[in-house]
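# Commentary on secondary and tertiary structure
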Amino acid sequence: MTHDFKTLLVTHEGPVLRVRLNSPETGNAISGLILDELLTVLGELDDDTDIRVLVLSGEGDDFCLGGDRSEFPELLAEEAGGLALRALGNKARRVCDALATTDVVTIARLHGGVVGAGVGLALFCDLRAGADTCRFRFPELGLGVPPAWGGIMPRLLQEAGAARVRELILTARNFDAATAQELSILHTVVPEDELDAAVTRWTKPLVRRSPTALRTAKLMMNAYGNANRLADATLFDAELLSSALSGAHQARRD
């Protein structure tokens, strides 16, 4: 991959591809451009048979402080009905689906703030390592919108459990790395200066695995994990988010 990305830092280290969100001035807030560039990387990933592992991280003080809300007023003003905002929501879903279904193993390397859409990106990675100073939050209800980004809800319920998720969503409270590990949002927690070593402990054996075996294992886990879902209600996430934001925008104008 030789693209000149504006919001990502992408480096190859043999069979490991490192992708770093690179908008530290916004706390790596997820913009349409970041989503476009992530889709480019993920769309080419399975064509590169030398890549076994993707490590997703963030530049600056935080992994990701959520969606880029500064884009919402402009998107809502572009056309009636929130079509541009729905397109953004669908793009987020495609990124999350690609993270979950790509043939390579995806690892989230988390530090600082991990908020809203940032938690979503991390959750769709196969493995998640976090610094012990990480701070997590689902702020959506406090902002007047539903937690409908990228198909996060069923993934979150599956990984963390319904009772605890209900409390975190409804209260929008902060929680720490220890709580995130207890809920399986994080698989491992280490001091921040040991975070790279923790990721390496995963990548070293993974790059020696048979790519066919890795691909098949991921397919099996995704298939069995979704076996009890009769219908995919997350297809409506973009519509729900667009409707909520359009309604709030109209109320402010009135």
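So, here's what we can say about the structure. (Residues numbered from 1 in each chain as written. Predicted model: local features only at pLDDT ≥ 70, side-chain atom pairs only at ≥ 80, totals over all residues. Heavy atoms only, no water.)

Turning our eyes to something else, we now look at the overall build of the protein. Looking only at helices and strands, one finds 10 helices and nine strands in the protein. Taking all 254 residues of the protein together, the buried fraction comes to 47%. Counting contacts in the protein only where the partners sit at least 6 residues apart, residues at least 24 apart contribute 73% of the total. Only carbon and sulfur atoms are counted for the fraction: they give 53% of the accessible area of the protein, which is about 12100 Å². (Helix = DSSP H or I, 4+ residues; strand = E, 2+ residues; numbered from the N terminus. Buried < 20%, exposed > 50% of the residue type's maximum accessible area, 1.4 Å probe, protein only. Contact = heavy atoms within 4.5 Å. Areas by Shrake-Rupley, 256 points an atom, 1.4 Å probe, with all protein chains shown as cover.)

Once that is clear, we can look at empty space enclosed by the protein. Under the defined criterion, the tally for this structure stands at two cavities of 30 Å³ or more. In this structure, the second largest cavity spans a volume of roughly 50 Å³. Lining the second largest cavity are Val-19, Leu-38, Val-41, Leu-42, Leu-54, Leu-56 and Leu-99. Counting only elements with at least two residues in the lining of the second largest cavity, the list comes to helix 1 (32-45) and strand 3 (53-58). In terms of residue count, the dominant contributor to the lining of the second largest cavity is helix 1 (three residues). Residue composition of the lining of the second largest cavity, by class: seven nonpolar, no polar and no charged. (1 Å grid on protein atoms, 1.4 Å probe; cavity = no way out; pocket = protein on both sides within 12 Å on 5 of 7 lines; lining within 4 Å. Points joined across faces, edges and corners; volume = space filled by probe spheres on them. Nonpolar A, V, L, I, M, F, W, Y, C, P; charged D, E, K, R; others polar.)

In this section: the sheet that holds strand 6 (residues 127-131). Ordered by their spatial adjacency, six strands build an open sheet running 1-2-3-4-6-9, and the pairing between neighbours is mixed. Edge strands, defined here as strands with exactly one partner in the open sheet, are strand 1 (8-13) and strand 9 (188-190). With direction set aside, neighbouring strand axes in the sheet form an average angle of 20 degrees. As paired strands, strand 3 and strand 4 (residues 105-110) are joined by four bridges and run parallel to one another. By the bridge assignment for strand 4, Val-55 is matched with Ile-107. Together, strand 1, strand 2 (16-21) and strand 3 form the strand contacts of helix 1, whose direction differs from that of strand 2 by roughly 175 degrees. (Pairing = 2+ DSSP bridges. Axes fitted to C-alpha atoms, helices over the stretch in contact; angles between N-to-C directions.)

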